[in-house]
Amino acid sequence: MELPLAIDLARIQFAFTVSFHIIFPAFTIGLASYLAVLEALWLITGRQVFIDTFRYWIKIFAVTFAMGVVSGIVMSYQFGTNWSVFSDKTGPILGPLMGYEVLSAFFLEAGFLGVMLFGMDRVGKGLHFLATLLVAFGTFFSAFWILSVNSWMQTPAGYAINEVGQFVPADWWEIIFNPSFPYRLVHMVLAAYLTTAFVVGAVGAWHILKDSRNESARLMFSMAMWMAAIVAPIQIFAGDVHGLNTLEHQPAKIAAMEGHFETRKGAPLILFGLPNMETGKTDYAIEIPALGSYILTHHWDGEVKGLKAWPKEEWPYAPVLFWSFRIMVGIGLAMAALGFWSLYARLRGSLYEPGLLHRAAILMGPMGFVAVLAGWITTEMGRQPYTVYGLLKTVDSASPIDAPALAFSLAAFIVVYFAAFGAGVFYLFRIMAKPPTPNETGIPENHPTRAAGITATPPLRFPGESPKSGH
Amino acid sequence: MEIDLPFIWAGLIAFAVLAYVILDGFDLGLGILFPFMRTGGQRDVAMNTVAPVWDGNETWLVLGGGGLFAVFPLAYAVIMPALYAPIIAMLLGLIFRGVAFEFRWKTKENQWVWDWSFALGSLTAAFAQGITLGALVQGIEVANRGYAGGWWDWLTPFSILTGFAVVVGYALLGATWLIYKTEGALQQQAYGWAWTTGFGTVFLIGIVSMWTPFLDDVFMQRWFSFPAIIYSAPVPILVAAAAYSLLVGLKERHELRPFVSALALFVLCFVGLGIGFYPYIVPHSITIWDAAAPDSSLMFLLYGASVLIPLILAYTAYSYWVFRGKVREGDGYH
């Protein structure tokens, strides 16, 4: 057997650390906004169920956010440790974008997270809501900048190349708003919202099955199903537009996703098959004639390029792309289907009657994460063999690190991630298994055991709430 | 007038690293001292003194790394592979101690696992940062815009010494922070830890300072030749003053003064290092001007930084202010 090369190990390591990482922000981007909505509804209506639900989810947010922070710090160093040549060459362009991410997003999130988690007593309702909002904005800014970076690697624009071979900025506007960025941003932010909605929906469904009168569980389920019914179809549309943008700028990626090897007019839509990179054919293809052309060009006889239009060494690895793309699309369709099903149940007035719908929602709970990972695998492996599409090859991007060092650190990452984040996910499940209760404690207040008179400023209490002890 | 953007950015990056060292320094220090605290109550208190602020503190490390990538990409591209093992060790250590902040409260029977995860993670991260510092000071071999040295270049008696120095120094910051933020038995113990680690820190600063000039002629000239010595001499004098202030603070049982004195020690050491480094960003092969991205990159980020960094400092200060005052046993954020 051939031993893996350093470059393969570097890729596997980056794929591993970034895949683990994306799970957490995909969840916290959505959850931060959900928490902001819940707190706003509570402030407006004063209804206890909103703050109960808020307190229930903030515990989950805290654990997830911590894992996002520590796995994110790793990412900011992985560029240099594994892809030092890439870092040197793209630093003048991508570095400032990431710098903005740190300055406008990471600090904002981290700076107000403490107040959001622990400060309700200390700062009062209004400022606390502001902190929640700022954390939510922070997660969005973070997505904005990092997706701009990723999109630039997919569709580089606004650059020049200097005498030492670095990409240098020519036009910042073109760099930030490079051709694929708006599409990717919309697609990913919607994905984060949907992912969160399906987790919330699954938790709500789980507790409805146990006690269909649980008010908080009903609220979660109802809100999540609205998201599924409204946002999932929007996401399918956004994904389609994003796909057309990819066709324009990275047609080879689309060819690999669709399993097309030959360039054809009236190309079929291949539903299932096994793309074979050796023979240049998709084996066992089940296809619908001409539909591929129609989807991609909006003409029945439009011409669709196949992989053979490019030299073989430039082919992205179709066997993975073909399937990762289908998994993502399949989940997207299932999400929309569940949303419509819930609409039907809502109309019939049976939304909260424990049944098949709730079991299906539980099953769909983790599917957002699967779809996010499948989508990222599609777009990132589809960028191969380049790191900066068409300009800088992956093989020319790597650090001068030998395979044994990479193998060792990869093994260390795998062991540590599964141990630390495995435990974290276990704790998350444990929190989610507990039903939300009226007067949910959340993260207990700051002075639980201190008598009110002793503190310099009397702690603020919220309506219907009495001082209670911690832990 | 031409603005020297690389110079400004070198200052900003240095500021970010310093902010990281002193802010995360005390919360890593708590982790290092964790095994010496009584299980349960004392550890709860110690952790709660930093729970609301630790990830803000850690963000300065991301700014240090991300900033280096942005404004000195060549330095980033050389330093990361050169210090591969200590950097990876630091990241893994930070994972263990970061998740402990949350996980520790989620289990009673296995709390000890996360206590150790917190302690060993903090110790590993601190030691790796110290090694990184030592390896940078002793210099990195560069050829063709890339790291040209071997796998174990970073591992020398000097870098191990700086590793220990940072561990002891962070423990001092942690101990003096506890003096400031706690009371009763834990505070009394913290006075004891501050004595030990205070002496240790000053002693190790002395050894490292005496060793450094012999690593490279540049350092030697900076510290011992005229007229450079006029600029550098105040540093050791001020270090002595800070050490004395620490001593008095501990002896007279001040609460804030030991922490401030310990911070002063760190700032002064950092300034001392800066004097030794300048104008190199990778001693002694790459200067800040060699490593800098084009002015358009530097300028673009500087616009944002000049607005956002003051804002960040303001809301960070606000967050510390919100959580001001002593943390007592039984007060739980969790």
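Every residue gets a number counted from 1 within its own chain, in the order that chain's sequence is written. To read the labels, note that chains go from A and ligands from 1, taken in the order they are written. For this predicted model, a pLDDT threshold of at least 70 governs which residues receive local features, and a threshold of 80 or more governs which side-chain atom pairs are given and counted, while totals over whole chains, interfaces and linings are taken from all residues.

This part covers the overall build of chain B. Strands are runs of DSSP state E lasting at least two residues, helices are runs of H or I lasting at least four, and both sets are numbered from the N terminus onward. The helix and strand tally for chain B stands at 14 helices and 4 strands. Relative to a compact globule of 334 residues, whose C-alpha radius of gyration would be 20 Å, chain B shows 20 Å and is just as compact. By its C-alpha atoms, chain B is 55 × 40 × 40 Å across when sized along the principal axes. Around each residue's C-beta, the other C-beta atoms within 10 Å are counted; 20 or more make the residue buried, 12 or fewer make it exposed, and counts in between make it partly exposed. All C-beta atoms are placed from the backbone. Looking at chain B as a whole, 57% of its 334 residues qualify as buried. Radius of gyration: over C-alpha atoms. The globule rule applied is 2.2 Å multiplied by the number of residues raised to the 0.38 power.

So, about the overall build of chain A. Tallying secondary structure elements over chain A gives 14 helices and 8 strands in all. Taking 2.2 N^0.38 as the reference for a compact globule, 471 residues should give roughly 23 Å; the C-alpha atoms of chain A span a radius of gyration of 24 Å, in line with that estimate. Considering only C-alpha atoms, chain A reaches an extent of 75 × 55 × 45 Å along its principal axes. Counting over 471 residues, chain A shows a buried share of 54%.

Before going further, it helps to examine the pairing of strand S5 (residues 281–288) of chain A. The pairing criterion is simple: DSSP has to find at least two bridges between the two strands. Sheet topology note: the strand S4 (residues 269–276) of chain A/S5(A) ladder contains 6 bridges and is antiparallel. Following the sheet pairing, Pro275(A) is matched in S5(A) by Thr282(A).

In helix packing, the relevant descriptors are the interaxial angle and the interaxial distance, both defined with respect to the helix axes. Residue and element names in this part refer to chain B. Axis angles are defined between N-to-C directions and span 0 to 180 degrees, where every axis is a line fitted to C-alpha atoms and, for a helix, only to the segment in contact. Taken N-terminus to C-terminus, the directions of helix H1 (residues 5–33) and helix H14 (residues 295–322) make an angle of 45 degrees; their axes are 10 Å apart at the nearest point. Judged on the interaxial angle alone, H14 and H1 are oblique. The two elements H1 and H14 cross, and the hand of that crossing is left-handed. Facing Leu 5, Pro 6, Ile 8, Trp 9 and Leu 12 of H1, the residues of H14 in contact are Asp 295, Leu 298, Met 299, Leu 302 and Ala 305. To sort the angles, those under 35 degrees are grouped as roughly parallel, those over 145 as roughly antiparallel, those from 65 to 115 as roughly perpendicular, and the leftovers as oblique. The sense of a crossing depends on the near helix, which, turned anticlockwise from the far helix by less than a right angle, makes the crossing left-handed and, turned clockwise, makes it right-handed. Each residue is represented by a C-beta atom placed from its backbone, and any two residues with such atoms within 7 Å are regarded as in contact.

Residues and elements named next belong to chain A. Following both chains from N to C, one finds helix H8 (residues 215–249) and helix H11 (residues 318–348) inclined at 145 degrees, their axes separated by 7 Å at the closest point. The two elements H8 and H11 meet at a crossing, and its hand is left-handed. Residue-level contacts link Met 225, Ala 228, Ala 229, Ala 232, Pro 233, Gln 235, Ile 236 and Gly 239 of H8 to Gly 332, Met 335, Ala 336, Leu 338, Gly 339, Phe 340, Ser 342 and Leu 343 of H11. Side-chain classes follow a simple rule in which Ala, Val, Leu, Ile, Met, Phe, Trp, Tyr, Cys and Pro form the nonpolar group, Asp, Glu, Lys and Arg form the charged group, and the remainder, Gly included, forms the polar group. Looking at side-chain class alone, the contact of H8 with H11 contains 11 nonpolar, 5 polar and no charged residues.

Take the interface of chain A and chain B next. The partner chain B presents 61 residues to the 63 residues of chain A that form the contact. Mapped by element, the contributors of at least two residues to the side of chain A that touches chain B are helix H2 (48–82), helix H3 (84–118), helix H4 (120–123), strand S2 (167–169) and helix H14 (403–433) of chain A.

All names here are of chain B. When you line up the elements, Ile 179 lands in helix H7 (residues 157–181). A count of 27 C-beta atoms within 10 Å places Ile 179 in the buried class. Taking the C-alpha atoms as reference points, Ile 179 and Ala 14, separated by 165 residues in sequence, lie 28 Å from one another. Apart from residues no more than four positions distant in its own chain, Ile 179 is found in contact with Gln 187, Ala 190, Tyr 191, Ala 194, Glu 255, Pro 258 and Phe 259.

Locating Gly184(B) in the fold gives a position in helix H8 (residues 184–211). Sequence spacing of Gly184(B) and Met80(B) is 104 residues, and the spatial spacing of their C-alpha atoms is 44 Å.

This next bit is on the nonpolar core. Leu35(A), Phe72(B), Ala75(B), Val78(B) and Leu91(B) are the most contacted members of the largest nonpolar core, which has 266 residues in total. A total of 21 residues in this core trace back to one element, the largest contributor, which is H2(A). Beyond its immediate stretch of four places on either side in the chain, Leu35(A) contacts Phe54(A), Trp57(A), Ile58(A), Phe61(A) and Thr132(A). Any set of buried Ala, Val, Leu, Ile, Met, Phe, Trp, Tyr and Cys residues joined through C-beta atoms within 7 Å is what this text calls a nonpolar core.

Scored between 0 and 100, pLDDT is the confidence that the predictor attaches to each residue. Chain-level pLDDT for chain A is 87 on average; 93% of the residues reach the 70-or-more range. Counted against residues more than four places away or in other chains, residues 445–471 of chain A, with its pLDDT under 50, gives 36 contacts.

Glancing now at H3(A). Residue and element names in this part refer to chain A. The terminal C-alpha atoms of H3, which comprises 35 residues, lie only 40 Å apart, well short of the 51 Å expected from a rise of 1.5 Å per residue. Fitting one axis to the seven residues ending at a residue and another to the seven starting there, the bend at that residue is the angle between the two axes. By the largest-angle criterion, Gly 91 marks the main kink of H3, which is about 85 degrees, and a proline, Pro 92, follows within four residues. Within H3, 35 of the 35 residues are buried, which leaves the element mostly enclosed by the surrounding structure. Here a helix's expected span is defined as the number of its residues, less one, multiplied by 1.5 Å.

This next bit is on unusual backbone geometry. Trans peptide bonds make up the majority, and among non-glycine residues the majority have a negative phi. Residue Pro385(A) follows Gln384(A) across a cis peptide bond; omega there is 5 degrees. Note that Pro385(A) resides in the loop between helix H13 (367–381) and strand S7 (386–388). A cis amide bond links Tyr278(B) to the next residue, Pro279(B), at an omega of 0 degrees. Structurally, Pro279(B) can be placed in the loop between helix H12 (257–277) and strand S3 (280–282). With phi around 65 degrees, His298(A) is a residue other than glycine that occupies positive phi space. Secondary-structure assignment places His298(A) in the loop between helix H10 (291–297) and strand S6 (303–304).

Moving on, we come to the environment of Ile79(B). Residues and elements named next belong to chain B. Here Ile 79 is to be found in helix H4 (residues 73–82). Look at Ile 79 and you get buried, because 27 C-beta atoms sit within 10 Å. Sequence separation between Ile 79 and Arg 257 is 178 residues; the distance between their C-alpha atoms is 36 Å. Every residue in contact with Ile 79, bar those within four places of it in the chain, is listed here: Ile 140 and Val 282.

With 98% of its residues at a pLDDT of 70 or more, chain B shows a mean pLDDT of 88. Interface confidence for the predicted complex, expressed as ipTM, amounts to 0.86; the pTM equals 0.88.

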